[in-house]
Amino acid sequence: MFIWQIFKRFLFSKRSGSLTRTISRICLVGIAIGVMSFIIVNSVMNGFNNSIKTRFLALSPHIVINHKEFNSDDQRSKISQSLLKNNNVRRVDSVEKQDVIMKTTDGFYPGAIASGYDREGLKDLFARMDDANKKTINFHQGDNGYRIGDYRKKSLTEIVESLKENEIIMGSDLARQNRIVEGDELTIIPPETMILAAGEVPVFKKVIVRAIFTANVADIDAFYFYYIKDDQLTRYNNSPSMNRFLEVNLKEPHDYQGLMAGLKDLKIKSPYNTYQNTGLPPSLIAMPDVSSIDAVLNYKK
């Protein structure tokens with residue numbers, strides 16, 4: 001009521017001067033425009049924030065488990081099977097990642113991040129990317145079996161299905177910054193070759209850019225290329241710069257607390273922790289009482 005009385009007195013009162021009414025009305029219009037602009041900008045920014053958050057959660061792992069803590073394939077398999085029993089776990093992928101140096105046909109030497117999945121894992125990643133983008137990518141074929149100008153619409157998952165041993169899929173910003181197009185041949189070099197002694201031959205691998213993707217996530221588009229692990233870059237398997245880990249993708253990314261509590265049990269250092277130690281434990285884990293043994297030995301129909 002008090003605010004209304006102020007408005008009534010200065011905006012509508014005939015006794016107030018015309019200058020006072022004019023200034024009051026200008027102030028009211030200015031405040032209204034300012035509040036409206038704030039509401040519009042805030043709404044737009046919230047929309048951008050939700051879009052970025054949705055894309056980031058679709059393409060980034062929700063939980064990462066370092067392979068160094070679980071050295072053998074058997075241990076990693078046990079952990080994956082244990083995680084998949086959780087109703088909130090959608091997928092578990094064994095991933096390898098490495099910082100590399102690329103040599104392009106134009107003589108550039110940019111850095112990049114090489115990320116390797118198995119074929120099904122990479123198809124799943126690009127399926128999530130397609131769902132986030134709601135669009136397909138263009139690619140064409142050149143002299144090496146690719147025909148220039150033959151543009152077709154093809155999904156990322158279809159490209160992964162036919163990805164060959166020496167082919168990779170690269171982020172759009174990484175390709176654009178270094179003048180790389182589909183069909184270009186690149187030389188991939190691990191970073192430790194920079195400190196080789198004189199006369200030592202560096203390990204390198206030649207690959208062909210099969211397709212270029214747009215994830216609309218800046219870090220992924222600008223630094224990453226993907227390949228099928230165990231098929232490509234296998235000569236880098238023993239590279240000291242190669243990192244291996246498990247990526248866990250959740251159905252509900254925000255509901256991770258229960259799963260994280262269970263993961264802590266996997267790291268308990270004990271000879272009875274069969275996630276870390278292969279084979280049988282050193283002694284009995286549980287022993288039935290005499291009545292249970294007697295019931296088994298003297299079973300009556």
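Residues numbered from 1 in each chain as written. Predicted model: local features only at pLDDT ≥ 70, side-chain atom pairs only at ≥ 80, totals over all residues. Heavy atoms only, no water.

## A short note on the packing of aromatic side chains
Thinking step 1. If you walk through the whole model with that rule in mind, you get 5 aromatic pairs.
Thinking step 2. Taking the centre distance of 5.6 Å and the plane angle of 85 degrees together, the rings of Phe126 and Tyr226 count as edge-to-face. Linking Phe126 in helix α4 (residues 119–133) with Tyr226 in strand β9 (residues 224–228), this pair joins segments that are 100 residues apart in sequence.
Thinking step 3. A relative accessible area of 4% places Tyr226 in the buried class.
Thinking step 4. Three or more aromatic residues joined by ring pairs form one cluster here, namely Tyr117, Phe126, Phe213, Tyr224 and Tyr226. (Phe/Tyr/Trp six-rings, centres within 6.5 Å; stacked < 30°, edge-to-face > 60°. Helix = DSSP H or I, 4+ residues; strand = E, 2+ residues; numbered from the N terminus. Buried < 20%, exposed > 50% of the residue type's maximum accessible area, 1.4 Å probe, protein only.)

## Overview of the confidence of the model for the protein
Thinking step 1. In the predicted model, the protein carries a mean pLDDT of 77, and the fraction of residues at 70 or more is 72%.
Thinking step 2. Segment residues 135–152: pLDDT under 50, and 42 contacts once partners within four positions in sequence are set aside and those in other chains are kept. (pLDDT = per-residue confidence, 0-100. Contact = heavy atoms within 4.5 Å.)

## With respect to the pattern of salt bridges
Thinking step 1. Summed over the entire model, instances satisfying the criterion amount to 9 salt bridges.
Thinking step 2. As a salt-bridge pair, Arg128 and Asp124 come within 3.0 Å of each other at their nearest N and O atoms. A residue pair is termed a helical-turn pair when its members lie 3 or 4 positions apart in one helix, as Arg128 and Asp124 do in helix α4 at 4 residues. One exposure class covers both Arg128 and Asp124, and it is buried.
Thinking step 3. Residue Glu167 pairs with Arg210 through a salt bridge whose shortest N-O separation is 3.2 Å. With a gap of 43 residues between them, Glu167 in strand β6 (residues 167–171) and Arg210 in strand β8 (residues 205–213) connect regions that are remote in the sequence. Here Glu167 matches Arg210 in class, with each residue buried.
Thinking step 4. Through salt bridges with shared partners, one network takes in Arg90, Asp124 and Arg128. (Salt bridge = Lys/Arg side-chain N within 4 Å of Asp/Glu carboxyl O.)

## Regarding the side chain of Thr104
Thinking step 1. As for its position among the elements, Thr104 is in the loop between β2 (89–103) and β3 (111–117).
Thinking step 2. Polar side-chain contacts of Thr104 include one of 3.0 Å to the backbone nitrogen of Phe108.
Thinking step 3. Once residues within four sequence positions are removed from consideration, Thr104 is found in contact with Pro110, Asn178, Ile180 and Leu186. (Polar contact = N/O pair within 3.5 Å; in protein donor to acceptor, adjacent residues only side chain to side chain.)

## Looking at the nonpolar core
Thinking step 1. Within the largest apolar cluster, 23 residues are counted, with the highest numbers of intra-cluster contacts made by Leu59, Leu122, Phe126, Ile169, Phe213, Ile220 and Tyr226.
Thinking step 2. Elements represented by at least two residues in this core include exactly α2 (18–59), β3, α4, α5 (156–161), β8 and β9.
Thinking step 3. Other than its neighbours up to four places away in sequence, Ile220 contacts Leu59, Gly171, Phe213, Ala215 and Tyr226.
Thinking step 4. Residues Ala114, Leu174, Leu186 and Ile188 belong to the second largest nonpolar core, which totals 19 residues. (Core = buried A, V, L, I, M, F, W, Y, C linked by side-chain atoms within 4.5 Å.)

## Structural notes on a nonpolar patch on the surface
Thinking step 1. A surface patch of nonpolar side chains, about 450 Å² in accessible area, is lined by Val29, Ile33, Met36, Ile40 and Val44.
Thinking step 2. Turning to its location among the elements, Ile33 is positioned in helix α2. (Patch = residues over 30% accessible without salt bridge, like charges linked within 9 Å, V, L, I, M, F, W, Y side chains within 5 Å. Areas by Shrake-Rupley, 256 points an atom, 1.4 Å probe, with all protein chains shown as cover.)

## Let's talk about the pairing of strand β7 (residues 185–189)
Thinking step 1. For β7, the tally of buried residues reaches 4 of 5 residues, placing the bulk of the element in the interior.
Thinking step 2. Here β2 pairs with β7 via 3 bridges, running antiparallel. If you follow Ile101 over to β7, its bridge partner there is Ile189.
Thinking step 3. Where β7 lies against β8, 4 bridges are found, and the strand directions are antiparallel. Residue Ile188 lies in a different strand from β8, and its bridge partner there is Lys205. (Pairing = 2+ DSSP bridges.)

## Observations regarding the environment of Asp99
Thinking step 1. Structurally, Asp99 can be placed in strand β2.
Thinking step 2. Under the relative-accessibility criterion, Asp99 is labelled partly exposed at 49%.
Thinking step 3. For the pair formed by Asp99 and Phe223, sequence separation is 124 residues and the distance between their alpha carbons is 9.5 Å.
Thinking step 4. Ignoring sequence-local partners within four residues, the contact set of Asp99 consists of Ala112, Ile113, Pro191 and Ser241.

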